[in-house]
Every structure is written in C-alpha cells, then in structure tokens.
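Given next are the chains, with one letter for each unit.
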Amino acid sequence: MEDPELGIPRDSYPALADWIAADPDNETLVFRKFDRLSTRKLLQMQNQLCIMEAALNQLECEISQAPYSKHRETFTDEAQDKECPEWRRMRLAGEIKRKLTEYHEALILQSHVANLRKPPRRVIKQLRDWFTSRSRGSNYDITASEARNILDDELDLVTLKAPSDSDMLFRFVKRYWPLEGTNGSRIRDNARYLRLRYVERIVASISTFLAAAETSGAIYGLYFITDQSVRLAMVGVFTFVFGLSLRFLANARRLEIFVASATYGAVLVVFVSKNLVQATS
C-alpha cells in the first residue's frame, strides 16, 4: 500500500488509519472499550475513597471527643497546627474532594461509554478480513503486536458511528443490498463501501408505500365487504397488522405504537359505522 500523497509504502497503523478514514459513512470507526480495565479502575478508585472515608470518620470521632470541639475559634486555631488532628482532617478533606471529583467524572464517562452501540457484524467481518490481509491482497497481518487480537471479543467492541436507523426493515435492506459498493477514494484494495444514504432512500420509499397500502388497502377491503361481522373482524386484523408494522418497520416506542394503533383502529371503526348507518337507513 502506498501513501496517496507521498507515494511511499505505508504499513501497520498508518495503513489501518487510512483504511478506516476512507469509509465515507464512518462505519469502520470501531474500537475496544476495555470494560475489564475500566471496571478495575473504578473499583480501585472506589476502594481508595472507602479508605479515606474511614480515616475521616476516625479523625472526626477523635476531634469530637476534644473539649474544644464546640468552639469555632479554637477549632480554627488548632487546624493551623500540623501536629493536631484538625489539620490532618482539613488536609484529608481536600484529598477526598479531589479524588471524589475524579471518581464521579470517571463514572459519568463510563456511563457514556456503556451507552455506545455495538458495531454490526458486517463491519466486524470487514475489519477482520482487512486485519488478516484477505481483502488487502498481501501475505501478512496489518500488525504483529497484541493489537492484532482486538477484534476477538465482539462484546468489548463499540462503534463511534451512531446508527441513523435501527429498525428491522433498514437492517434487512442493508444486509441484503444487491448492488456492489464503491472503492475507497484513497485506498486500493478489495474492500467496497456501501453508502448508507442510498439505503435510507430505499427504506423511506418502502415505508411510504407500505403506509399508503395499509390505509388504502383497509378502506378498499372494508368498502367491498358487505358482511358486518367480517368487516369488524377485518378492522381487528388491519389494526393488528398496522401495530406490527410500527414495531418492526419503524423506530416507534411502545406508547407510540399504542396511540397510533388506537387512532388507526378508531378511523376504521368510524368508516365501518358510517357505512352501517347508510345501509340500514
């Protein structure tokens, strides 16, 4: 592999960085989150704070037993003496404040890391092929260090690219996309890049068609069926299918599915009731 700007061979991490950056949709921004190391760090900080808390409680108990503990002026004077427990208490309180801030920042940062999404298996497979030279057309791995095993534990991998859509229809179309992707603009290998905006357009078109078909199909079906018992049963079936489509073909939440399905069923019931009144009048 050659550097497109300098015209010199590139290998190892420079080549890997070029390949990752060549993805126009940034799906290849996959990294390890090191859950085990992060947990050990949090446990270590938590243990240090527990020790500091116990030491602070002991100092406060010692100070509270002194005859001058209730006199503010005396306490302030004693706190200036390095030989007194008050001075050790103030110093320990400052250390606890600093360590507690670091601990809380680490907790918040770890919560953000825990909310990162797992990369698709398709992307992990592409990364493995490139790491092991199958898509680069060479006979050596991209790195010989311990980093060559970073893709072994899929549960420890995260992607920095937030998925634009995560419904079943989008995943199905993306997985079975029939067209071949394009080559990277800066990398010459066998890898192909699938532009997600094309998938999003196709999924939006399919969703629009299905939404129109569910509404118009229900109206036409209820219009031509004259048996009222069958029509009421069809209302239930159409509402059930509509709810399933919201569940599997969209990113609707449970409450949104309930509200939309109730509204859809109410519209169909009004349509059936209107025709029933006209038929009996």
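Rules used throughout
Residues numbered from 1 in each chain as written. Predicted model: local features only at pLDDT ≥ 70, side-chain atom pairs only at ≥ 80, totals over all residues. Heavy atoms only, no water. Helix = DSSP H or I, 4+ residues; strand = E, 2+ residues; numbered from the N terminus. Buried < 20%, exposed > 50% of the residue type's maximum accessible area, 1.4 Å probe, protein only. Contact = heavy atoms within 4.5 Å. Areas by Shrake-Rupley, 256 points an atom, 1.4 Å probe, with all protein chains shown as cover. Axes fitted to C-alpha atoms, helices over the stretch in contact; angles between N-to-C directions. Parallel < 35°, antiparallel > 145°, perpendicular 65-115°, else oblique. Nonpolar A, V, L, I, M, F, W, Y, C, P; charged D, E, K, R; others polar. Phe/Tyr/Trp six-rings, centres within 6.5 Å; stacked < 30°, edge-to-face > 60°. Salt bridge = Lys/Arg side-chain N within 4 Å of Asp/Glu carboxyl O. Expected span 1.5 Å × (residues − 1). Lys, Arg positive; Asp, Glu negative; His and termini not counted. Polar contact = N/O pair within 3.5 Å; in protein donor to acceptor, adjacent residues only side chain to side chain. pLDDT = per-residue confidence, 0-100.

Draft legend 1. The overall build of the chain, seen in detail. Tallying secondary structure elements over the chain gives nine helices and two strands in all. Walking the chain from its N terminus toward its C terminus, one meets helices and strands in the order α-β-α-α-α-α-β-α-α-α-α. By the burial criterion, 31% of the 281 residues in the chain qualify as buried. Contacts in the chain between residues at least 24 apart in sequence constitute 68% of all its contacts with a sequence separation of at least 6. Here the chain displays about 19100 Å² of accessible surface, and carbon together with sulfur accounts for 58% of that area.

Draft legend 2. Structural detail: the packing of helix α7 (residues 196-224) against helix α8 (residues 228-249). Running from amino to carboxyl end, α7 crosses α8 at an angle of 175°, the nearest separation of the two axes being 10 Å. Comparing the axis directions of α7 and α8 gives the class roughly antiparallel. Contacts between α7 and α8 involve Ser207, Leu210, Glu214, Gly217, Ala218, Gly221 and Leu222 from the former and Arg231, Met234, Val235, Phe238, Val241, Phe242, Ser245 and Leu249 from the latter. For the contact of α7 with α8, the class distribution of residues is nine nonpolar, four polar and two charged.

Draft legend 3. Up close: the packing of aromatic side chains. Taken as a whole, this structure holds two aromatic pairs when the rule is applied. Ring geometry for Tyr223 against Phe224: centres 5.2 Å apart, planes inclined by 85°, an arrangement best described as edge-to-face. Taking the relative accessible area as the measure of exposure, Tyr223 reaches 53% and is therefore exposed. Centre to centre, the rings of Phe242 and Tyr264 are 4.3 Å apart; their planes meet at 5°, and the pair counts as stacked.

Draft legend 4. Structural view of the pattern of salt bridges. Going through the model one piece at a time under the given rule, you end up with seven salt bridges. Glu102 serves as the salt-bridge partner of Lys99, at 3.8 Å between the closest nitrogen and oxygen. Here Lys99 and its partner Glu102 are both found in helix α4 (residues 85-114), three residues apart, which amounts to about one turn of the helix. Note on Glu102: relative accessible area 33%, which makes it partly exposed. Put simply, Arg98, Lys99 and Glu102 are held in one network by salt bridges that share partners.

Draft legend 5. Here's a closer look at helix α2 (residues 35-64). For α2, spanning 30 residues, the distance from its first C-alpha to its last is 43 Å, which sits close to the expected 44 Å at 1.5 Å a residue. Residues of α2 that are buried: Ser38, Leu42, Met45, Leu49, Met52, Leu56, Leu59 and Ile63.

Draft legend 6. Up close: unusual backbone geometry. Of note in the backbone geometry, Phe34 takes a positive phi value of approximately 55° without being a glycine. Looking at the secondary structure, you find Phe34 in the loop between β1 (30-32) and α2.

Draft legend 7. Expanded view of the side chain of Glu214. Examined against the element boundaries, Glu214 turns out to sit in helix α7. Put simply, Glu214 is tucked away with no salt bridge, and the nearest opposite charge, on Arg247, sits 14 Å away. In this structure the side chain of Glu214 is engaged in a polar contact, spanning 3.0 Å, whose partner is the side chain of Ser245. Look past the residues within four positions of Glu214 in its chain and what remains in contact with it is Val241, Phe242, Ser245 and Tyr264.

Draft legend 8. Just α8, in detail. Here α8 is 22 residues long and its end C-alpha atoms lie 31 Å apart, about the 32 Å a rise of 1.5 Å per residue gives. Along α8, the residues classified as buried are Arg231, Met234, Val235, Thr239, Phe242, Gly243, Ser245 and Leu246. Of the residues that open α8, the one with a side-chain oxygen 3.0 Å from the backbone nitrogen of Ser229 is Asp227.

Draft legend 9. Quick peek at the confidence of the model for the chain. The share of residues in the chain with pLDDT of 70 or more is 73%, and the mean pLDDT across the chain is 77. Within the model, the stretch residues 1-9 combines pLDDT values under 50 with 13 contacts to residues more than four positions away or in other chains.

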